[in-house]
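A closer look at the structure
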Amino acid sequence: MKYTNAEYVGSYPDYKMAPRSGAPEISFGGRSNVGKSSLINCLVKRRNLAQTSKTPGKTKLLNFFSLSDGKKKEQLFLVDLPGFGYARVSAETRRGWQGFVEAYIEGSEQLRGFILLIDSRRGLQEEEIQLVEYLIAHGKNTCPVLTKSDKLNRSQGSQIVRETTAILGPYGELVHMPILHSAVSGNGNDLIWRWIIERIDNET
């Protein structure tokens with residue numbers, strides 16, 4: 001399946017306010033400043049489709065992007081979720097974000113899979129492991145993507161993949177093998193797209 005059009009649809013505090021066309025959805029989540037917008041832009045080969053920022057915590061809503069082959073709109077939605085972690089916001093605001101993100105993950109019938117971004121220079125943190133456990137508890141297929149791999153040499157890249165696999169492997173079939181990705185080179189794009197297409201085709 002080839003997508004030729006990518007469009008920003010809108011940002012919503014409640015997933016029920018977003019377009020409900022029945023098209024499948026793939027969501028992107030991770031710590032603040034881990035590179036969600038950069039990954040989305042890289043996957044669709046658009047520099048500024050998703051807005052990037054050096055300020056952690058800028059994404060505060062559910063950001064929907066639609067992909068199509070130019071003939072039919074909304075064949076696939078990519079959903080950029082608010083980051084968690086060291087965003088400079090109040091605890092009350094952070095809890096609010098968590099509430100509407102969980103409502104989306106648990107409530108959207110179109111959600112086919114969750115791409116969990118992990119900074120390859122830091123590796124898995126406790127918050128990310130807890131998120132994996134939460135996703136599995138709700139039956140969500142999860143693809144761990146190790147971002148910013150261009151900052152590592154080959155040996156370091158292999159090592160972080162082994163370490164991440166060792167931690168996540170016991171969680172079972174719902175968790176895909178970690179994928180190294182670079183938004184600079186596009187390395188890892190093909191593997192991520194393969195996983196996305198499998199999720200859409202299987203409708204799991």
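Everything below is about the structure shown above.
1. Quick look at the sheet that holds strand 7 (residues 179-180)
Strand order in this open sheet of 7 strands is 1-3-4-2-5-6-7, and the pairing throughout is mixed. Of all the strands in the sheet, the pair left with one neighbour each is strand 1 (5-12) and strand 7. Strands strand 5 (111-119), strand 6 (142-147) and strand 7 of the sheet are contacted by helix 4 (residues 154-168), whose axis makes an angle of about 150° with strand 6. Sheet strands touched by helix 5 (residues 189-202): strand 2 (25-30), strand 3 (62-68), strand 4 (76-80), strand 5, strand 6 and strand 7. Its angle to strand 5, the strand with the most contacts, is close to 155°.

2. Description of the pairing of strand 3
Most of strand 3 sits inside the fold, with 7 of its 7 residues counted as buried. Side chains of strand 3 alternate between two faces, with Leu-62, Phe-64, Ser-66 and Ser-68 and Asn-63, Phe-65 and Leu-67 buried alike. Here strand 1 pairs with strand 3 via 7 bridges, running antiparallel. Paired with Ser-11 across the strands is Asn-63, a residue of strand 3. Where strand 3 lies against strand 4, 5 bridges are found, and the strand directions are antiparallel. Opposite Asn-63, over in strand 4, you have Asp-80 as the bridge partner.

3. Details of the nonpolar core
Of all hydrophobic cores here, the largest spans 30 residues; its most connected members are Leu-62, Phe-64, Tyr-104 and Ile-105. The set of elements that each furnish at least two residues to this core consists of strand 3, strand 4, helix 2 (91-107), strand 5, helix 3 (126-137) and helix 4. Leaving out residues up to four positions away in the same chain, Phe-64 has contacts with Glu-7, Tyr-8, Val-9, Gly-10, Tyr-12, Ala-18, Arg-20, Glu-25, Phe-77, Leu-78, Val-79 and Tyr-104. Judged by nonpolar contacts, the second largest core, of 26 residues, contains Tyr-3, Ala-50, Val-145 and Ile-192.

4. Description of the environment of Val-34
By the secondary structure assignment, Val-34 is in the loop between strand 2 and helix 1 (36-44). As for Val-34 and Leu-146, which are separated by 112 residues in sequence, their C-alpha atoms are 9.3 Å apart. With residues near it in sequence (within four places) discarded, Val-34 still touches Leu-117, Ile-118, Asp-119, Thr-147 and Lys-148.

5. Points about unusual backbone geometry
The phi dihedral of Asn-33 falls on the positive side, at around 70°, and the residue is not glycine. Here Asn-33 lies in the loop between strand 2 and helix 1. Although it is not a glycine, Lys-148 adopts a positive phi angle of roughly 60°. You can see Lys-148 is positioned in the loop between strand 6 and helix 4.

Analysis parameters
- Residues numbered from 1 in each chain as written.
- Predicted model: local features only at pLDDT ≥ 70, side-chain atom pairs only at ≥ 80, totals over all residues.
- Heavy atoms only, no water.
- Pairing = 2+ DSSP bridges.
- Helix = DSSP H or I, 4+ residues; strand = E, 2+ residues; numbered from the N terminus.
- Contact = heavy atoms within 4.5 Å.
- Axes fitted to C-alpha atoms, helices over the stretch in contact; angles between N-to-C directions.
- Buried < 20%, exposed > 50% of the residue type's maximum accessible area, 1.4 Å probe, protein only.
- Core = buried A, V, L, I, M, F, W, Y, C linked by side-chain atoms within 4.5 Å.

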